Amino acid sequence: MPLNDTIDGLPDQTRATRCFRPSRVEMATEPLMNSAPDGSVIQRDAPRADLLAFEIKDRITKPDIEWMSSIADEAMKAHEKIDMLLIMSNYEGSDLGARFDGYASTVMARSVAHIRKYVVVGAPLFARAMITLSGTVMPVETKTFDLADEAAAWAYLAEAGPASA
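Everything quoted here is computed from the prediction, not taken from an experiment.

So, how was this worked out
- Residues numbered from 1 in each chain as written.
- Predicted model: local features only at pLDDT ≥ 70, side-chain atom pairs only at ≥ 80, totals over all residues.
- Heavy atoms only, no water.
- Salt bridge = Lys/Arg side-chain N within 4 Å of Asp/Glu carboxyl O.
- Buried < 20%, exposed > 50% of the residue type's maximum accessible area, 1.4 Å probe, protein only.
- Helix = DSSP H or I, 4+ residues; strand = E, 2+ residues; numbered from the N terminus.
- Arc of directions from axis to C-beta.
- Contact = heavy atoms within 4.5 Å.
- Polar contact = N/O pair within 3.5 Å; in protein donor to acceptor, adjacent residues only side chain to side chain.
- Pairing = 2+ DSSP bridges.
- Right-handed = clockwise from strand over helix to strand, strands pointing away.

## Overview of the pattern of salt bridges
Applying the stated criterion across every chain, the model contains 13 salt bridges. Within this structure, Arg 44, Glu 55, Lys 57 and Glu 150 form a network of salt bridges that share partners.

## Quick notes on helix 5 (residues 102–111)
Listed as buried for helix 5 are Ala 104, Val 107 and Ser 111. Each buried residue of helix 5 sits inside an arc of 65 degrees when the element is viewed along its axis, so together they form one side. Here the buried face of helix 5 lies against helix 3 (62–78) and strand 4 (115–121). The residue sitting at the N-terminus of helix 5 and contributing the capping side-chain oxygen is Asp 101; that oxygen lies 3.3 Å from the backbone nitrogen of Tyr 103.

## Remarks on the pairing of strand 4
Burial within strand 4 is extensive, with five of its seven residues counted as buried. Summarising the sheet, strand 3 (residues 82–88) and strand 4 pair through six bridges and their orientation is parallel. In the strand pairing of strand 4, Ile 87 is matched with Val 121. Here strand 4 pairs with strand 5 (residues 141–145) via five bridges, running parallel. When the bridges of strand 5 are listed, Val 120 appears paired with Thr 144. Handedness of the crossover joining strand 4 and strand 5 through helix 6 (residues 125–137) is recorded here as right-handed.

By themselves, these observations are geometric and do not establish any function.
Laid out in structure tokens, this is it:
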């Protein structure tokens, strides 16, 4: 059958989409993953509302940093204090637009007054040094863990209890 032929009056591309698109029932029963527009960041489930957990899976783009910043911004509006956990499972840097994004920079500046504990798992050596240094000069408690010690990072935050208490 030539590629341009149709079945049921639908072009090949539409037929393929129709064959592989899940039904509304299938879509309603599948769990939704909370991921950034370009997929470099996903929000991980956390055991409490005042703990934000994100996994960095790729090179961070501007749309993704804005997505992540908007979640942090809403959490800071809802809670006096929050804890933040970043898991850098496959961090490959960030795009220039992501590094100098105005909205993300504003949220980051405000976060100093709202973040109690900032925990990073799997940070590259240079980032670890910056995180440790920032913890000595800012009123945010910082801690880093190796990627293999992700469970210890979660346990550390669980032991700390609610940030808002």
